[in-house]
Amino acid sequence: MADTRRPVSEQAVVVLGASSGIGRATALEFVRQGCTRIVVASRGEEALGTLVEELTREGAEAVAVPTDITDQAAVRALVDAAEARFGRIDTFVTVPGVGIWGSVQQIDLDEFRRVTEVNYLGHVAAAQAAVPALERAGGGVLIGIGSVEGYRAVPLHAPYSASKFALRAFYDCLRMELAEAGSPVEVSQILPAGIATPFFEHARTKLGSMPKPPPPVYAPELVAEAVVRASVHPRREVPVGDAALGFIAGQRFSPALTDALLSVTGRQLQTTDRPDDGTDILDTPTPGPGRVRGAFADQVLTTSPVTRVAGAVVRPGELLLRAIRRRG
């Protein structure tokens, strides 16, 4: 199986979780790189409307399908709508994620359950609906937006970290099963570090102030570029932001030392003196017209050598997995 898929200009793409942040940046990046057929989905209908206007101005045929990722029937209807409109799906990108900041004792069990429902089980539902469609297209790429917190947990963010650990394991299982079955579908997971999206304003917090991404902070567009690259050159995992390498290395080589460092610095790295406005999107759609960048976009990094290398280099294990898939 060749490393490349259809060029972006020939792809029909679905982006689930496109109302703001990484999802919105990804939809825009696909079109900027030549995609002319794209379906965007999320709970936020107003934000989807403004996004479709932007995509259309860029020359794409864009369709909005309001979708709640926790509603399995709605996710399947999204896939059906995309196939009915464009005949096939070449790349399916699953983005949605919600967060809560606070100690384990401060966060209710129902709040843990809700984060798991969106960040983990929602991605499972999306994969179950998308993989058969990608196979009907003769092959494609399922791209899931995870996090470096899927490798390295951070304090005061237990529901999110735990959901991302589960999500990484799920995509690993799915990747192996598809290879064993000889499926033409590849699975890529993108692992961002701190990204300057509205995620932090949209999160629920028990800390009394607005949370922030731990520095250094990277532009959402950097994640979007990695996603589009993976749609043509799939990679097993792509960390985004050089800081992601530090998170992963810390967990692999000295998890106890990393525990100790984060127990001392974790609160300071994630909290601000900005008051919390008391609103979040844990149970409600993204409000307003949607935007790519959030409150912490004043000093962002727009390049990452680690991300560029990770997206370009094919690991020996990936080649072996493709050989197994061909054999199937």
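Everything that follows concerns the structure shown earlier in this document.
On a predicted model such as this, the values are computed, not experimentally measured, just so you know.

Scoring rules and cut-offs
- Residues numbered from 1 in each chain as written.
- Predicted model: local features only at pLDDT ≥ 70, side-chain atom pairs only at ≥ 80, totals over all residues.
- Heavy atoms only, no water.
- Helix = DSSP H or I, 4+ residues; strand = E, 2+ residues; numbered from the N terminus.
- Rg over C-alpha atoms; globule rule 2.2 N^0.38 Å.
- Buried < 20%, exposed > 50% of the residue type's maximum accessible area, 1.4 Å probe, protein only.
- Contact = heavy atoms within 4.5 Å.
- Areas by Shrake-Rupley, 256 points an atom, 1.4 Å probe, with all protein chains shown as cover.
- Expected span 1.5 Å × (residues − 1).
- Core = buried A, V, L, I, M, F, W, Y, C linked by side-chain atoms within 4.5 Å.
- Polar contact = N/O pair within 3.5 Å; in protein donor to acceptor, adjacent residues only side chain to side chain.
- Phe/Tyr/Trp six-rings, centres within 6.5 Å; stacked < 30°, edge-to-face > 60°.
- Pairing = 2+ DSSP bridges.
- Axes fitted to C-alpha atoms, helices over the stretch in contact; angles between N-to-C directions.
- Parallel < 35°, antiparallel > 145°, perpendicular 65-115°, else oblique.
- Left-handed = near helix turned anticlockwise from the far one by under 90°.
- Nonpolar A, V, L, I, M, F, W, Y, C, P; charged D, E, K, R; others polar.

K.L.:
Give me the lowdown on the overall build of the protein, citing residues and values where you can.
P.N.:
What the protein contains, in helices and strands, is eleven helices and eleven strands. By the compact-globule yardstick of 20 Å for 328 residues, the protein fits well, its C-alpha radius of gyration being 19 Å. Dimensions along the principal axes, computed over C-alpha positions, put the protein at roughly 50 × 45 × 35 Å. When each of the 328 residues of the protein is scored for burial, the buried share is 56%. Residue pairs in contact within the protein that sit at least 24 positions apart in sequence constitute 79% of those at least 6 positions apart. Approximately 13,300 Å² of the protein is accessible, and the part contributed by carbon and sulfur atoms is 55%.

K.L.:
Please provide a residue-by-residue account of helix H1 (residues 21-32), values included.
P.N.:
Structurally, the α-helix is built with 3.6 residues per turn, so residues lying three or four positions apart point the same way. Helix length check: H1, at twelve residues, gives a terminal C-alpha distance of 16 Å against a target of 16 Å (1.5 Å per residue), a fit within 8%. Within two residues after H1, Gly34 carries a phi angle of roughly 115°, on the positive side.

K.L.:
Which residues make up the nonpolar core, and what values do they have?
P.N.:
With 49 residues, the main nonpolar core has Val15, Phe30, Ile38, Val40, Leu55, Ile190 and Val227 as its most contacted residues. A total of eight residues in this core trace back to one element, the largest contributor, which is helix H7 (residues 220-232). Not counting chain neighbours up to four residues away, the residues in contact with Val227 comprise Thr26, Phe30, Val93, Ile143, Ile145 and Ile190.

K.L.:
I'd love a proper account of the environment of Thr265, names of residues and values included.
P.N.:
Its location among the elements puts Thr265 in helix H9 (residues 255-270). Among the polar contacts listed, one links the side chain of Thr265 to the backbone oxygen of Leu261, at a separation of 2.9 Å.

K.L.:
Lay out the packing of aromatic side chains in plain terms, naming residues and giving numbers.
P.N.:
All told, the structure shown has seven aromatic pairs when counted by the stated rule. Ring centres of Trp101 and Phe200 lie 5.7 Å apart, and the angle between their planes is 45°; this geometry places the pair in the tilted category. Of the two residues, Trp101 is situated in strand S5 (residues 100-101) and Phe200 in helix H6 (residues 199-202); the sequence distance between them amounts to 99 residues. Accessibility classification places Trp101 together with Phe200 in one group, the buried group.

K.L.:
Give me the lowdown on the pairing of strand S4 (residues 91-94), citing residues and values where you can.
P.N.:
Burial along S4 is two-sided: the face carrying Thr91 and Val93 and the face carrying Phe92 and Thr94 are both buried. For strand S1 (residues 12-16) and S4, the ladder comprises four bridges, and the chain directions are parallel. Across the sheet, residue Val15 finds its bridge partner in S4, namely Val93. For S4 and strand S6 (residues 140-145), the ladder comprises four bridges, and the chain directions are parallel. Across the sheet, the residue bridging to Thr91 is Val141, located in S6.

K.L.:
Kindly report on the packing of H1 against helix H2 (residues 45-57), identifying the contributing residues and their values.
P.N.:
Direction vectors running N to C along H1 and H2 enclose 20°, while the axes themselves pass 10 Å from each other. Classed by the angle they form, the pair H1 and H2 counts as roughly parallel. The hand of the H1/H2 crossing is right-handed. On H2, the residues touching Arg24, Ala27, Leu28 and Val31 of H1 are Ala47, Thr50, Leu51, Glu54 and Leu55.

K.L.:
Report on the packing of helix H4 (residues 109-136) against helix H5 (residues 158-180), specifying residues and quantitative values.
P.N.:
The interhelical angle for the contact between H4 and H5, taken along N-to-C directions, is 20°, at an axis separation of 8 Å. Viewed along their axes, H4 and H5 adopt a mutual orientation that is roughly parallel. For H4 against H5, the interelement crossing comes out right-handed. Contacts between H4 and H5 involve Phe112, Val115, Asn119, Tyr120, His123, Val124, Ala127, Val131 and Glu135 on the former and, on the latter, Ala158, Pro159, Tyr160, Ser163, Lys164, Ala166, Leu167, Phe170, Tyr171, Leu174 and Leu178. In the contact of H4 with H5, the residues fall into 15 nonpolar, three polar and two charged.

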